[in-house]
Amino acid sequence: LDAQGFVDGIGPMAMLPKPIAKLGVEVLKSVPLRNSANQMSYYNPKEFATEDALKVGRMHCLREGWNDALVSFMQSGGFSPSEKVSQINV
């Protein structure tokens, strides 16, 4: 569990007009952004940030309905996990 577990909601993105949110979703699934994330995700990017890793990392973005689901999630305000953190047993 990292600091993200203590952050509730998605902030100002929840208030984006739907056309802007849809544009943002298109950016999130774009090859340049996903490639950048792919390069930053590995200790040894030369060995592991391959074209196949990029395809796998982007696969969920290409699923039918993903765009609409993400826009809906954004407009809902996201989720609020902070109240649940104290219930985690370690």
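Starting from 1, residues in each chain are numbered consecutively following that chain's sequence as written. The model is predicted, so local features are restricted to residues of pLDDT at least 70 and side-chain atom pairs to those at 80 or more, both for listing and for counting; the totals for chains, interfaces and linings are taken over all residues. The side-chain numbers reported here are obtained from all heavy atoms of the structure, hydrogens and water having been left aside.

**Some remarks on the side chain of Asn38**
Applied cut-off: Elements are defined by DSSP. Helices are runs of H or I of four residues or more, strands are runs of E of two residues or more, and each kind is numbered from the N terminus. Contacts between residues were defined by any pair of non-hydrogen atoms, one from each residue, lying within 4.5 Å.
By the element assignment, Asn38 lies in helix α2 (residues 31–40). Ignoring anything within four residues of it in the chain, the contact list for Asn38 reads Ala49, Thr50, Ala53 and Leu54.

**Description of the nonpolar core**
The criterion, for reference: Buried residues of nine kinds, namely Ala, Val, Leu, Ile, Met, Phe, Trp, Tyr and Cys, make up a nonpolar core once their side-chain atoms join them within 4.5 Å. Burial classification: accessible surface area is computed with a 1.4 Å probe over protein chains only, and a residue below 20% of its type maximum counts as buried, one above 50% as exposed, and the rest as partly exposed.
Formed by Ile10, Ala21, Val25, Cys61, Trp66, Leu70, Val71 and Met74, the largest nonpolar core amounts to eight residues. Breaking this core down by element, the ones donating at least two residues are α1 (18–28) and α5 (66–76). When residues of this core are assigned to their parent elements, the largest contribution, four residues, is made by α5. If sequence neighbours within four positions are ignored, Leu70 has contacts with Val25 and Leu28.

**Focus on the pattern of salt bridges**
Basically, it comes down to this: Note on definitions: salt bridges are taken to be side-chain nitrogens of Lys or Arg within 4 Å of carboxyl oxygens of Asp or Glu.
Under the defined criterion, the tally for this structure stands at one salt bridge. Here Lys29 and Glu26 are joined by a salt bridge, their closest N and O atoms 3.7 Å apart. Look at Glu26 and you get partly exposed, because its relative accessible area is 37%.

**What about the environment of Tyr42?**
Here Tyr42 is to be found in the loop between α2 and α3 (45–48). We classify Tyr42 as partly exposed; its relative accessible area is 32%. When sequence neighbours within four positions are dropped, the list of residues in contact with Tyr42 reads Phe48, Ala49 and Ala53.

**Side note on the side chain of Lys29**
Examined against the element boundaries, Lys29 turns out to sit in the loop between α1 and α2. Apart from the residues within four sequence positions on either side, Lys29 is in contact with Arg34, Arg58, Cys61, Trp66 and Asn67.

**Description of the environment of Asn35**
Tracing the backbone through its elements, the reader meets Asn35 in helix α2. Separated by 23 residues in sequence, Asn35 and Arg58 place their C-alpha atoms 9.1 Å apart.

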